[in-house]
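One-letter residues, chain by chain:
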Number of protein chains: 2
Amino acid sequence: MRQIGLAIFLLAGICAAQDNSGFLPATTNVPGAEYPRVDGNSRVQIRIKAPDATKVKVNFWSGPKVDMEKQPDGFWLVTTPPMAPGLHYYTVIIDGAEVSDPSSYSFYGGSKDASAVEVPEPGATYYSAQDVPHGQVREVWYHSDVTGTYRHAMVYTPPGYDTQTRTRYPVLYLQHGAGEDETGWIRQGHANFILDNLIAGGSCKPMLVVMANGYAKRAGQSATAPVQQMAAMQQMAAVFGDDLTQALIPYIDSNFRTMADRDHRAMAGLSMGGMQTFTITFNHLDLFSYIGGFSGASVPAAPGQDKVDFKTAYNGAMADPAAFAKRVHVLFVGIGTDEPARMHENIEKLHKSLLDAEIEHVYYESPGTAHEWQTWRRDLKEFAPRLFKTTSGGKLTQAAPSAN
Amino acid sequence: MRQIGLAIFLLAGICAAQDNSGFLPATTNVPGAEYPRVDGNSRVQIRIKAPDATKVKVNFWSGPKVDMEKQPDGFWLVTTPPMAPGLHYYTVIIDGAEVSDPSSYSFYGGSKDASAVEVPEPGATYYSAQDVPHGQVREVWYHSDVTGTYRHAMVYTPPGYDTQTRTRYPVLYLQHGAGEDETGWIRQGHANFILDNLIAGGSCKPMLVVMANGYAKRAGQSATAPVQQMAAMQQMAAVFGDDLTQALIPYIDSNFRTMADRDHRAMAGLSMGGMQTFTITFNHLDLFSYIGGFSGASVPAAPGQDKVDFKTAYNGAMADPAAFAKRVHVLFVGIGTDEPARMHENIEKLHKSLLDAEIEHVYYESPGTAHEWQTWRRDLKEFAPRLFKTTSGGKLTQAAPSAN
C-alpha cells in the first residue's frame, strides 16, 4: 500500500508541476490581475472574459496571431509558444472588435492605448528599477511658435540634479517611433531606469534625456490624421525638426542647467524617430555631435542603388571621412536580427556603405529580437555610455564598454 | 425657380445642421480618432467597430448604460442624452466582454485602464492649459521601509520653482480614490493646470502638490488584490499613513525646497482618498494643519447615530472648537449634489454635526455633478486658494475668494 501511495504522490506531484508550470503574473498587469501570465520558458498565457463571444483572437504585433479557446467558465484562454524577451504589444479581437486587454496596463503604440506583456530576459537587470539612486522624470509644457501650440515633453533628470546646483549637464534628445508618443521611452522603454543603472555603474555620464512628440503640424496647416506615408513622414520630420531646434532646445537650455553646445548635445530615435534623427541632425550639425538610429535611419539611396553616395547624401557631411570623424563623435546604427527583412536590408545597406567609405560608426546587431522595445532598450544601453566623452577636434576616444 | 432654389438651399442648410449637430471629437480621444464626439448640448456619441458582435453596450460608470445600435457599415453607434459636464469613465461591453474603447485615451480607474470622455463645461477654463506659466509634473521613486519597496509618486512643482532657488514652498498632499492611482489627479483631474491657473490669477499661493499611491502593503504582509471592504480599507489607510509620514514626507522634505512644518503642510483626497486624509491627518495633527475631504471623509458615527460625538471622535481633536480652530486652519468637506444618496448622507451628517458643535469648517456642494472628476476638480479649485494663508495661534483669516 505504501508503494502505491508513493506512486500516487509522485504522479500527483508531476501533474501539479504541469498545471503550475511556473506561470507568474506579468509585471505589466494592472494591480491584482492574475493574467497575462509568463512562465520560465517565456510562454505567455492570455485570459479574456467574453462569455457571449463566438470568436476571440489575440494579436501580438510582432508575434503570433492565435485563436483563443473558450473554457467552460466563459473565459477564453491561449498559451503562446516561447517568445523573445522584452515588451510585446498586443490587442485582442473579440468578434471583429480589436480592443485592449482589461488586465494589462495601456501603452501608447500603434496610434492607440494598446496592451503589452513583459517577458523577462533572464539575468537582465539594466532596464528595471534597481537599488540605486533614481533620477526624476518630468513633464514639461513648452510653447512652440512653429506649431502655434503648447507641446508636452518628458525630461529625465539624473540623480543629484536637484542638489548639485552648480553642475551643468549634457543632453540626449531621444525620439519614439510611428504610432507612439513622448511617453514611449519611459513607459515602454524604461529609459529612466536604464540611465539610473548605467550612471550608478559608472559607465555613463550623468545627462538629461529629453523625449518629445515627433508628430507636429505647422501653425496654420490643416488638421490631418497621424501620418503613414514616407513622403508625408519626411515632411513632418521637417516640421518637427523646426519645433525641436527653434522651440524645444531653447526651452530646455533656458529651463535646465544644460551644457548648451554641440559637443554636449546628442540625438537618437527608434524607427520613425531614427529617420527623424538622421534628417534633423544632418541638417543641424551645428547643434548635434552624436547621432543614433535605432532600427531607423534615413538612407538616401535609390531602390536600384546598392550603396549610398556620400559625396551628396546627408548634405555631403560624410564626403570626407576624416573630417566627419572629428565633427560627429559617434554615429550609431542599430538593428535587431529578427526584424522584418525590408528594415534589416535598409540598415545593412547603410552599414555596408559606411564600411566601404571608411566612415567611422558603431554598428550594433541585437541578437534574437525584432522591431520591438527590447531591441531599442539594448540600443540605448549601447549608445548612452558612448556619449559626451570626446571633444570637438579630438580623436574619437575608445568608449568605455557598456555595462551588462 | 429662384424661390424654389432658395427654399431647397434653406432646407439643405437645416438638414446639414441636423446631421452635423455640432458634434466634435472629444479632447480625450487618441490622435486622429473621430469618435467619441460631443455636441453643444453635451450629448456624447460613441462608435465602435465590432462587425461580428451580436450585442454591444456602452457602460458609463456614473451615467447611462445603453445598448448600441449596429449600423450598415459594421460599426456600432450610440448617442446619449445630455450629460453633466466633466470627465466620464466608461467601458464598452462586446458580447459580454467589458473592454476599453480603442479610440479613447486610457485613464487608470476602477482598477484598470478604462476609457473616459471629456464633456466640456461652457465657460470653464480653470482645468485646461491656458496661456499662463506652467509648472512641471515630476515622477519620483522613493524608498519606503514601511512597504519595503520603492514607490512611485507624482510631484507638481509650480512655475518658477527651478529658477527661484532661494524660495521654499508649502506642500499639499493630494490623494486619489479607490481603483485609481497616483496618476489620477494629473491625468483625470488636471491638478497641474488647475494650480497653474489659480497661481497665475493670484488667488493661490505657489505650492508643491504631492500625489502618492494610497494602496500600500506593509513589508512582510502577504500579497492580496486591491481592497474593497471598509474595514480592510481602514487597515490599509494605516499602512499608507505610515508610508506617507515615515517615508514620503521625509523624502519630499529632503529632495524639494519645502517649508517643512505643520503650518505649511496640507492633505486632501477624493472618496477613499478623503477617508484616508481624515484618518491620517487626525492621527498626525503635529504634521498637518489643513484637511480636505472631497466626496470622502471618515465619519465616526454608528449607523443609528444621528450625529458625530466630537468628545471622542477624531482623537478628541474637535472636543474644544476654539482650540481646534487655532490648530487646524481649514477643515474642508465637499460633495456633489448628484452623488449617490448613501455618500451624500454620510457627508451631510458630518456637516450637520460640525454645525451643531460650532466647529469651523468649509462645506462645499458642487451643483449638478456626481461622484466624478468634475466634483473633485471644483473641490480643488475651492480648497487650494484657502491654503497657507494663516499661521499657528492666529485667527482663521478670511480666505481670498477662489477664482472662477
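These numbers were taken from a predicted model, which means no experiment stands behind them.

Caption draft 1: Quick look at unusual backbone geometry. Residue A:P36 is reached from A:Y35 by a cis peptide bond, and omega for that bond is 0°. For B:Y314, which is not a glycine, the phi torsion comes out positive at approximately 55°. Within the secondary structure layout, B:Y314 lies in the loop between β17 (290-294) and α6 (321-327). Residue B:Y314 is classed as buried on the basis of its relative accessible area of 7%. The phi dihedral of B:N315 falls on the positive side, at around 55°, and the residue is not glycine. By the element assignment, B:N315 lies in the loop between β17 and α6.

Caption draft 2: Just the interface of chain A and chain B, in detail. With 44 residues of chain A in contact, the opposing surface of chain B contributes 44 residues. A buried area of about 3500 Å², summed over both sides, lies between chain A and chain B, and 54% of it is on carbon and sulfur atoms. A per-residue breakdown of the area chain A buries against chain B is headed by A:E139, A:W141 and A:Y150, which together make up 17% of the total. Linking chain A with chain B are 4 salt bridges, by the criterion used here. With its nearest N and O atoms 2.8 Å apart, the salt bridge here joins A:R187 to B:E139. For the pair chain A and chain B, the number of links is 17 residue pairs in polar contact (both at pLDDT 80 or more).

Caption draft 3: Representation of the sheet that holds strand β1 (residues 24-25) of chain A. All names here are of chain A. The strand order across the open sheet built from 5 strands is β1-β2-β3-β7-β6, with neighbouring strands paired in antiparallel fashion. Every other strand in the sheet has two partners, leaving β1 and β6 (69-70) as the edge strands with one partner each. Bridge analysis of strand β2 (residues 37-38) against strand β3 (residues 44-49) gives 2 bridges, and the strand direction is antiparallel. The residue of β3 that forms the bridge with R37 is Q45.

Caption draft 4: Spotlight on the relation of the copies chain A and chain B. Rotating chain A by 180° and moving it 0.0 Å along the rotation axis overlays it on chain B with an RMSD of 0.0 Å. The transformation just described matches what one would write down for a two-fold rotation axis. For chain A, the minimum C-alpha distance to the rotation axis belongs to A:R138 and amounts to 2.1 Å. When you check the interface residues of chain A against chain B, 100% turn up at the interface there too, and the contact is symmetric in its surfaces.

Criteria and thresholds
Residues numbered from 1 in each chain as written. Chains lettered and ligands numbered in written order. Predicted model: local features only at pLDDT ≥ 70, side-chain atom pairs only at ≥ 80, totals over all residues. Heavy atoms only, no water. Helix = DSSP H or I, 4+ residues; strand = E, 2+ residues; numbered from the N terminus. Buried < 20%, exposed > 50% of the residue type's maximum accessible area, 1.4 Å probe, protein only. Contact = heavy atoms within 4.5 Å. Buried area = accessible area lost by both parts, 1.4 Å probe. Salt bridge = Lys/Arg side-chain N within 4 Å of Asp/Glu carboxyl O. Polar contact = N/O pair within 3.5 Å; in protein donor to acceptor, adjacent residues only side chain to side chain. Pairing = 2+ DSSP bridges. Least-squares fit on C-alpha atoms with pLDDT ≥ 70 in both.

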